[in-house]
Amino acid sequence: MPLTGTPRRILACTDGSPRARKAVAAAAQLAGLRDAKLTVLFVIPPYVLPAYGEAAQYVPGVTPHLYKQRADALAKKVLAPAARLARKAGVECETLAVNAAQPWSGILHAAHKGKCDLIVMASHGRRGIAKALLGSETQKVLTHSRIPVLVVR
């Protein structure tokens with residue numbers, strides 16, 4: 001679907017990587033130019049008990065509560081620089097951390113729930129076996145999204 005009109009709500013996705021920071025900066029700049037609201041999203045994978053075969057493995061010290069604390073701390077660490085970028089660009093910014101087993105699904109759910117009309121995300125540029133093994137969340141968002149997606153490289 002082509003981008004028509006001016007985006008009013010932009011969702012920028014970050015994993016804290018340098019490429020994602022570049023995408024957030026581009027989203028903030030675009031939001032500033034278009035007087036749009038910016039939401040920066042970080043997706044947290046759910047806690048999964050390590051299991052091998054038919055038995056679960058006990059991992060001392062890693063409880064669901066501790067996992068949540070560490071995930072929340074990581075989200076704050078990743079989202080704080082994104083919020084600073086937005087403030088520097090003079091843009092109203094909300095930060096959001098969501099839990100999702102598949103990041104692409106969490107991204108699309110957050111975009112739909114936030115009534116966003118543009119998703120901005122980075123492409124890590126993986127090719128060949130790395131892409132096959134690691135997958136591409138950007139590709140999955142592009143494939144499943146009905147909302148326009150701006151990919152920053």
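It should be emphasised that the depicted structure is a prediction, and the values quoted were computed from it without experimental measurement.

Asks: Can you explain the overall build of the chain? Please cite residues and give values.
Replies: Scanning the chain from terminus to terminus reveals five helices and seven strands. Starting at the N terminus, the α and β elements of the chain follow one another as β-α-β-β-β-α-β-α-β-α-α-β. Within the chain, the fraction of its 153 residues that count as buried is 33%. Restricting the contact set of the chain to residue pairs at least 6 apart, pairs at least 24 apart contribute 76%. Split by element, the accessible area of the chain, about 9,600 Å² in all, is 56% carbon and sulfur.

Asks: Pulling in residues and values, what's your account of the nonpolar core?
Replies: Ile10, Leu38, Val40 and Val120 are the most contacted members of the largest nonpolar core, which has 23 residues in total. Listing elements by their share of this core, those giving two or more residues are β1 (9-13), α1 (18-34), β2 (37-44), α2 (64-88) and β6 (118-122). At six residues, α2 tops the list of elements feeding residues into this core. In this structure leucine 38 touches Ile10, Ala12, Ala27, Ala28, Ala31, Ala86, Val91, Glu92, Cys93 and Glu94, once residues within four positions along its chain are discounted. One finds Val43, Val98, Ile119 and Ile147 within the second-largest nonpolar core, a separate group that totals 16 residues.

Asks: Quick rundown of the side chain of threonine 138? Include the residues and the values.
Replies: With respect to the element layout, threonine 138 can be found in helix α5 (residues 137-144). If near-sequence neighbours (up to four positions away) are discounted, threonine 138 is found in contact with Met121, Ala122, Ser123 and Val151.

Asks: Describe the sheet that holds β2, listing the residues and the values that go with them.
Replies: The strand order across the open sheet formed by five strands is β5-β2-β1-β6-β7, and the pairing between neighbours is parallel. Two strands lie at the open edges of the sheet, namely β5 (93-99) and β7 (149-152), each paired on one side alone. When the angles between neighbouring strand axes are averaged without regard to direction, this sheet yields 25 degrees. Relative to β5, β2 runs parallel, the two sharing seven bridges.

Asks: Any chance you could break down the environment of valine 152 for me, citing the residues and the numbers?
Replies: Of note, valine 152 is situated in strand β7. Spatially, the C-alpha atom of valine 152 lies 9.1 Å from that of valine 24, the residues being 128 residues apart in sequence. Excluding residues that lie within four positions of it along the chain, valine 152 makes contacts with Lys22, Ala23, Ala26, Val120, Met121, Ala122 and Ser123.

Asks: Break down unusual backbone geometry for me, citing the residues and quoting the values.
Replies: At aspartate 35, a residue that is not glycine, the phi angle is positive and equals roughly 55 degrees. Its place among the elements puts aspartate 35 in the loop between α1 and β2. The phi torsion at lysine 115 lies on the positive side, around 55 degrees, for a residue other than glycine. Tracing the sequence through the fold places lysine 115 in the loop between α3 (103-113) and β6.

Asks: Tell me about the pairing of β6, residues and numbers included.
Replies: In terms of residue burial, β6 counts as a mostly covered element, since five of its five residues are buried. Here β6 shows a buried face lined by Leu118, Val120 and Ala122 and a second buried face lined by Ile119 and Met121. Bridge count between β1 and β6: three bridges; the pairing is parallel. Residue pairing in the sheet places isoleucine 10 in a bridge with leucine 118 of β6.

What counts, and where the lines are drawn
Every chain is numbered on its own, with residues counted from 1 as its sequence reads. Totals for whole chains, interfaces and linings use all residues, but because this is a predicted model, local features are given only for residues with pLDDT of at least 70 and pairs of side-chain atoms are given and counted only at 80 or more. Side-chain calculation: all heavy atoms of the structure are included, whereas hydrogens and water are not. A helix here means a DSSP run of H or I that spans at least four residues, while a strand means a run of E at least two residues long, and both kinds are numbered starting from the N terminus. Three labels apply to residues, based on accessible area from a 1.4 Å probe with only protein chains included: buried if under 20% of the type maximum, exposed if over 50%, partly exposed otherwise in between. In this description, contact between two residues means that some pair of their heavy atoms is separated by no more than 4.5 Å. Only the protein chains shown count as cover for residues, and all accessible areas are computed by the Shrake-Rupley method using a 1.4 Å probe. Here, nonpolar core means buried Ala, Val, Leu, Ile, Met, Phe, Trp, Tyr and Cys residues that are tied together by side-chain atoms lying within 4.5 Å of each other. One bridge is not enough; two strands pair if DSSP finds at least two bridges between them. Under this scheme, a helix contributes an axis fitted over its contacting stretch, all axes are lines through C-alpha atoms, and angles between N-to-C directions fall in the 0 to 180 degree range.

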